Amino acid sequence: QVQLVESGGGLVQPGGSLRLSCAASGSIYNTYVMGWSRQAPGKQRELVAIMPSGGDTNYADSVKGRFTISRDNAKNTVYLQMNSLKPEDTAVYYCNAVIREAYNTRPLQYWGQGTQVTVSS
């Protein structure tokens, strides 16, 4: 069974930075897309950034120029560097990954448990 475990959330002042990490573990044959989404109170979950195994990244317009997604394929880990944080970035951040567990199984999407990011003075 595959598990995604996030870390790095917390409380930060406006203009500050945080770096989130998400490590995938378990039975992993291949990892395809890895990404981050977030959900603020009373709002729907929204995509923040995604990064296919090939490398091209996509960001939500609201975080372009401030957030950077990266991944370490050898460690099955994805990161989200968040700079110039704003109060509206406050949310629970979830990582997700599309992973094939074995050569003869189809890829499935997995989600982490979420990590709280609070931007407040």
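See the structure shown above.
Just so it is clear, the model here is predicted, and its values are computed rather than measured.

Trainee: Which parts of the structure should I look at to understand the side chain of R71?
Mentor: Looking at the element boundaries, R71 is found in strand β7 (residues 67-72). D72 provides the closest opposite charge to the buried, salt-bridge-free R71, at an N-O distance of 8.3 Å. A distance of 2.7 Å separates the side chain of R71 from the backbone oxygen of Y32, its partner in a polar contact. Discounting chain neighbours no more than four positions away, the residues touching R71 are T31, Y32, V33, M34, M51, P52, S53, T77, V78 and Y79.

Trainee: When you look at the layout of surface pockets in this model, what are you seeing that I'm missing?
Mentor: Over the atoms, a rolled probe matching the size of one water molecule traces out where space is still vacant. In this structure, the largest pocket occupies an estimated 150 Å³ of space. In terms of lining, the largest pocket is formed by R38, Q39, A40, K43, Q44, E46, S62, E88, T90 and A91. Considered class by class, the residues forming the lining of the largest pocket number two nonpolar, four polar and four charged.

Trainee: Just checking my understanding: could you explain the nonpolar core for this structure?
Mentor: Grouped burial of nonpolar side chains is what soluble globular proteins tend to show. With 29 residues, the main nonpolar core has L4, W36, V48, F67, L80, M82 and Y93 as its most contacted residues. Those elements that place two or more of their residues in this core are β3 (18-25), β4 (30-39), β5 (46-51), β7, β8 (77-82), β9 (91-100) and β11 (115-119). A per-element tally of this core places β9 first, with five residues. Every residue in contact with L4, bar those within four places of it in the chain, is listed here: C22, A23, A24, C95, N96, A97, I99, Y110, W111, G112 and Q113.

Trainee: Teacher, can you tell me more about unusual backbone geometry here?
Mentor: The phi torsion of most residues other than glycine is negative, and most of the peptide bonds are trans. Here the phi dihedral of N76 falls at roughly 50°; this positive angle occurs in a residue that is not glycine. Of note, N76 is situated in the loop between β7 and β8. One non-glycine residue with positive phi stands out, namely S84, at about 50°.

Trainee: In this structure, what is going on with the state of the cysteines? I would like to understand it.
Mentor: By definition, a disulfide links the sulfur atoms of two cysteines through a covalent bond. In the structure shown here, the tally under the stated rule is one disulfide. Between the sulfur of C22 and that of C95 lies a disulfide, 1.9 Å long from S to S. On the criterion of sequence distance, the pair formed by C22 in strand β3 and C95 in strand β9 is long-range, its members being 73 residues apart. Residue classification places C22 among the buried positions, given a relative accessible area of 0%. When its relative accessible area of 0% is taken as the criterion, C95 is described as buried.

Trainee: What am I meant to see in the environment of E46 here?
Mentor: Looking at the element boundaries, E46 is found in strand β5. Counting along the chain gives 13 residues from E46 to V33, while the straight-line C-alpha distance between them is 16 Å. Once residues within four sequence positions are removed from consideration, E46 is found in contact with S37 and R38. Engagement of the side chain of E46 in a polar contact is seen with the side chain of R38, the distance being 2.6 Å.

How each quantity is defined
- Residues numbered from 1 in each chain as written.
- Predicted model: local features only at pLDDT ≥ 70, side-chain atom pairs only at ≥ 80, totals over all residues.
- Heavy atoms only, no water.
- Helix = DSSP H or I, 4+ residues; strand = E, 2+ residues; numbered from the N terminus.
- Buried < 20%, exposed > 50% of the residue type's maximum accessible area, 1.4 Å probe, protein only.
- Lys, Arg positive; Asp, Glu negative; His and termini not counted.
- Salt bridge = Lys/Arg side-chain N within 4 Å of Asp/Glu carboxyl O.
- Polar contact = N/O pair within 3.5 Å; in protein donor to acceptor, adjacent residues only side chain to side chain.
- Contact = heavy atoms within 4.5 Å.
- 1 Å grid on protein atoms, 1.4 Å probe; cavity = no way out; pocket = protein on both sides within 12 Å on 5 of 7 lines; lining within 4 Å.
- Points joined across faces, edges and corners; volume = space filled by probe spheres on them.
- Nonpolar A, V, L, I, M, F, W, Y, C, P; charged D, E, K, R; others polar.
- Core = buried A, V, L, I, M, F, W, Y, C linked by side-chain atoms within 4.5 Å.
- Disulfide = S-S within 2.5 Å.

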